[in-house]
Amino acid sequence: MNPTQPTTPHPSSEPGTRPARRLFICGTDTDVGKTFVACAMAKHYRHSGMQVGVYKPVASDCHAETEESGAEIIAADAMNLWNAAGNPRTLAEVCPQRFRAPLAPTRAAAAEGKTVNADQLHRAAEPWLSGFDVTIIEGAGGLLSPLADGILNLDLAKQLAPIQLVIVTANRLGVIHQTLATCAAAIHGGMKPAGIVLCDTSEILDASANENAAEISRYTPIPILGRVGFGSSAVPWADRLLD
């Protein structure tokens, strides 16, 4: 399958159909399991019979699948999301802005003499916001990481309202501060998170792993939706977001 070519559309993905429920998946940092959790959620909803849309507004650290000159670069996170959702629309539409350097998107774009198109971050989401039962939008980096000049993940999430913000955090020592700080930043910025997901990012866990959820709950009213074990794709709690 050529990922840049349109696939056969799902019956519910035709223009003019119902709006999708929107979920913005954001991390407390990079490498906290955000894409893994987002993919698990996409698979869960798809296997429940739902039509799932996925959108990654911008990505860096992208690579070509072949060594041919001029080969299109692919965002690995976007490819994983697209496959998890059952290949809706096209891979190019999942992540329309892609850059090579393993840097924050604004700096990765600058390394190529380009800029991230701030208007396109929102505009390119439009095809995903109707015709699906649920659309999962995955941010880049942490909640306050910049996506374009003057645009943070939090800003884009607010632009895409109505939407539910899900905070993914790595279940390891230090998670309490990172999670509370991220939730406080979201609330201060005018967006109360729908819930928190702890992700075991390693098979070997530190001593805090089984205590972190309870400790976080002591200091924030934001609910702990669930914990995703290392290598596990079970996310039964995801249904609560669509109640």
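Residues numbered from 1 in each chain as written. Predicted model: local features only at pLDDT ≥ 70, side-chain atom pairs only at ≥ 80, totals over all residues. Heavy atoms only, no water.

> I keep staring at helix α2 (residues 76-84) and nothing clicks. Help me out?
Residues of α2 that are buried include every one of Ala78, Met79, Leu81, Trp82 and Ala84, and no others. Buried residues along α2 sit in contact with α1 (34-47), β2 (52-55), β4 (73-74), α3 (91-94) and β5 (134-142). Count one or two residues on from α2 and you reach Gly86, which has phi positive near 90 degrees. (Buried < 20%, exposed > 50% of the residue type's maximum accessible area, 1.4 Å probe, protein only. Helix = DSSP H or I, 4+ residues; strand = E, 2+ residues; numbered from the N terminus. Contact = heavy atoms within 4.5 Å.)

> How do you make sense of the packing of α1 against α2 when you look at a structure like this?
Axis angle and axis distance: for two packed helices, these are the angle between their axes and the distance between the axes, and together they describe the pair. α2 packs onto α1 with a crossing angle of 15 degrees between their chain directions and a minimal axis gap of 8 Å. As the angle between them shows, α1 and α2 are arranged roughly parallel. For α1 against α2, the interelement crossing comes out right-handed. Packed against α1, whose contacting residues are Thr35, Ala38, Cys39, Ala42, Lys43 and Arg46, the element α2 presents Asp77, Asn80, Leu81, Asn83 and Ala84 at the interface. A breakdown of the residues in the contact of α1 with α2 according to their chemical character gives five nonpolar, three polar and three charged. (Axes fitted to C-alpha atoms, helices over the stretch in contact; angles between N-to-C directions. Parallel < 35°, antiparallel > 145°, perpendicular 65-115°, else oblique. Left-handed = near helix turned anticlockwise from the far one by under 90°. Nonpolar A, V, L, I, M, F, W, Y, C, P; charged D, E, K, R; others polar.)

> Honestly, the pattern of salt bridges in this entry has me stumped. Any pointers?
For side chains bearing opposite charge, pairing can occur when the charged atoms are close. Within the structure shown, the criterion is met by eight salt bridges. Note that Lys56 and Glu138 form a salt bridge whose closest N and O atoms lie 3.2 Å from each other. Of the two residues, Lys56 is situated in the loop between β2 and β3 (63-64) and Glu138 in strand β5; the sequence distance between them amounts to 82 residues. We classify Lys56 as buried; its relative accessible area is 3%. Salt-bridge contacts for Arg218 lead to Glu215; the nearest nitrogen and oxygen are separated by 3.4 Å. Pair noted here: Arg218 and Glu215 are both in helix α8 (residues 212-219), with a separation of three residues, about one helical turn. Classification of Arg218 by relative accessible area gives exposed; the value is 56%. Relative accessible area serves as the criterion here: at 28%, Glu215 is assigned to the partly exposed category. The network of salt bridges with shared partners includes Lys34, Lys56, Asp77 and Glu138. (Salt bridge = Lys/Arg side-chain N within 4 Å of Asp/Glu carboxyl O.)

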